[in-house]
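Chain by chain, the residues:
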There are 2 protein chains.
Amino acid sequence: MFERLDRAREGADGGFGPVDRAQLALLLEVAGTPKPGNVDRSRDLAELRFEHFLAGAVGVRAGLDRAAAGEPIGTSFERAVAGMTRFAGRNTQFGSLLLLVPLVSAARGGLDRSSVERAVSETTVDDAAAFYRAFEHVSVAVDEPPADAAALDARRGADAIPAVRDRGLDLRSVLELGVPGDDVAREWVTGFERSYDAARRLSVADGPLQDRVASVFLELLAERPDTLVSIRHGESVAAEVRKRARDLVERGAFERDRDAVETFATELVERGINPGTTADLTAAGLFIRLEGGPVDR
Amino acid sequence: MFERLDRAREGADGGFGPVDRAQLALLLEVAGTPKPGNVDRSRDLAELRFEHFLAGAVGVRAGLDRAAAGEPIGTSFERAVAGMTRFAGRNTQFGSLLLLVPLVSAARGGLDRSSVERAVSETTVDDAAAFYRAFEHVSVAVDEPPADAAALDARRGADAIPAVRDRGLDLRSVLELGVPGDDVAREWVTGFERSYDAARRLSVADGPLQDRVASVFLELLAERPDTLVSIRHGESVAAEVRKRARDLVERGAFERDRDAVETFATELVERGINPGTTADLTAAGLFIRLEGGPVDR
């Protein structure tokens, strides 16, 4: 399924393109279950339900179309965020889009890591300005900026643009300021290291795709503290969540004791702990995996 | 959510169109749970899983784009079916598309029932030919044709086209031959009566959209025997399923005894009884509902 046609037919009648696969990646990510703390096929959060993610995945499409057509990453991202917010009525996939938009843009030239690194290194000050405008569309949890970068606080939205222009910061440089503290931004400076790793894990994992997504999510959660959890609940909670996930991974709970993973998933939802960064990385990994060829199982 | 913008902005930058809402209708339909016998947010069938429906809803998009652009209903439908089949690797939403494609086409002029009736009455012999070609892309369960219409058996695929042309049958006339016996075809000759009724019920029903979808599905299932169940399992099984659904609806089980609906849903899945026609009508109702304005809850 998710058949890969010849590159030559892509975009032509009958073919699928990166936008289709990015949209499917968003849908498969949210369907993967159990994903501790996150909306999944079996769990809703109070103000963020499964149906909102479905709507978000439809609403992003016009922005992704722009990226696929070679328009700048910044305005494509802003458009995707605006469409998501308007159609879903809330923020469902902001972080995933910050990974998917450059990946979709890079996929025009074949999605190897060097093409993605090139795409982000070629971003401009205008891309950075569009990124800040995207925050005008939606409420996003972000970390406090460093003391010397208060003028660049993303929460200022478009008000930060003069400071961005003044310092001549391109979008990659802006995101570099967010590292450490934001593992989505970190992908932009590591050549999408964990996204590619997630794609590799998705290929190796077994079972229906929905299970593989959840299994890879848990592995990523075990690997590094989720930065959205750190921002919202502090580093000790993020460290605790990571340790719990690592214990489950180390004893092969996903295969041998699924109930333990389900219990952990429900507990995090009840505590309002939402490892959204890990979900974003999973979505990016899914896209890379789907770009790589058909999924057989 | 699913904000409706001004018609004037539809399709323009920032706006959503009928294709977005049709895609969302397909996604919300499959997410609705419990939907007895069908794939839903909580249930998979052996060869037809939730993730296949997600992929199908992405794959149909190019065909729906054609319908929205005013291209003929027949070729738009054929393209949507081909995309669905190729991306999902199987038949997930054939019947839903046979309702959504004329609805999307009619939505260009405002989606009242007279515009839909006009759209189907204006179909041609070429539309009918494309409809038969669509069967070449996918395996679909259809009823035996009447004795005098064996040449028009949809299972013959493109081989039936000479007989279609010979008799000068447009697509509406071809589908009229399927009534009774196919309640999707029946919509084409009743002005989409039950689809509009489903839309009205979706407006009246309460709770998250996922619940409303399932509740309306059950009401539709209680109303008439599901024709896909009739074709696959015979009329007595279809009548039994309808009676069981009616009993649940009459005692308000969806609100007061949800467990009974869940049990019925799982039982039908285990027996391999899949009321797919009722799901198709629900998807069409969802689209009409979404076209009518924002969904608030």
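Residues numbered from 1 in each chain as written. Chains lettered and ligands numbered in written order. Predicted model: local features only at pLDDT ≥ 70, side-chain atom pairs only at ≥ 80, totals over all residues. Heavy atoms only, no water.

Draft legend 1. Inspection of the pattern of salt bridges at higher detail. Per the counting criterion, the structure on display carries 54 salt bridges over all chains. A salt bridge links Asp257(A) to Arg251(A); the nearest nitrogen and oxygen atoms lie 3.1 Å apart. Taking the relative accessible area as the measure of exposure, Asp257(A) reaches 28% and is therefore partly exposed. Here Arg43(B) ties to Asp40(B) by a salt bridge, and the two come within 3.0 Å at their closest N and O atoms. (Salt bridge = Lys/Arg side-chain N within 4 Å of Asp/Glu carboxyl O. Buried < 20%, exposed > 50% of the residue type's maximum accessible area, 1.4 Å probe, protein only.)

Draft legend 2. Expanded view of the side chain of Asn38(B). Residues and elements named next belong to chain B. Along the chain, Asn-38 turns up in the loop between helix H1 (18-31) and helix H2 (50-59). By relative accessible area, Asn-38 is classed as buried at 4%. A distance of 2.7 Å separates polar atoms of two side chains, one belonging to Asn-38 and the other to Asn-274. If we ignore the near neighbours within four places in the chain, the residues touching Asn-38 are Arg-43, Phe-217, Val-269, Asn-274, Pro-275, Gly-276 and Ala-279. (Helix = DSSP H or I, 4+ residues; strand = E, 2+ residues; numbered from the N terminus. Polar contact = N/O pair within 3.5 Å; in protein donor to acceptor, adjacent residues only side chain to side chain. Contact = heavy atoms within 4.5 Å.)

Draft legend 3. Geometry of the interface of chain B and chain A. Taken together, the 42 residues of chain B in the interface contact 42 residues of chain A. In total, about 3,300 Å² of surface goes out of reach between chain B and chain A, with carbon and sulfur atoms giving 60% of it. Its largest share of buried area at the contact with chain A, chain B owes to Arg41(B), Arg86(B) and Phe87(B), together 24% of the area lost on that side. Counting the contacts that link chain B with chain A gives two salt bridges. For the pair chain B and chain A, the number of links is 12 residue pairs in polar contact (both at pLDDT 80 or more). Going through the elements one at a time, H1, H2, helix H3 (61-68), helix H4 (73-88) and helix H12 (209-223) of chain B are the ones with two or more residues in the side of chain B that touches chain A. (Buried area = accessible area lost by both parts, 1.4 Å probe.)

Draft legend 4. Highlighting the packing of aromatic side chains. For the coordinates displayed, the defined rule picks out 13 aromatic pairs over all chains. With a centroid separation of 5.0 Å and an interplanar angle of 55°, the aromatic rings of Phe94(B) and Phe135(B) are classed as tilted. One end of the pair, Phe94(B), is in helix H5 (residues 94-107); the other, Phe135(B), is in the loop between helix H7 (125-134) and helix H8 (161-167), with 41 residues separating them in the sequence. Each member of the pair, Phe94(B) as well as Phe135(B), is classed as buried. Every member of this aromatic cluster is reached through a ring pair, and the members are Phe77(A), Phe94(A), Phe131(A), Tyr132(A) and Phe135(A). Its end group placed over the ring of Phe254(A), Arg258(A) keeps NZ or CZ at 3.9 Å from the ring centre. (Phe/Tyr/Trp six-rings, centres within 6.5 Å; stacked < 30°, edge-to-face > 60°. Lys NZ or Arg CZ within 6 Å of the ring centre and 35° of its normal.)

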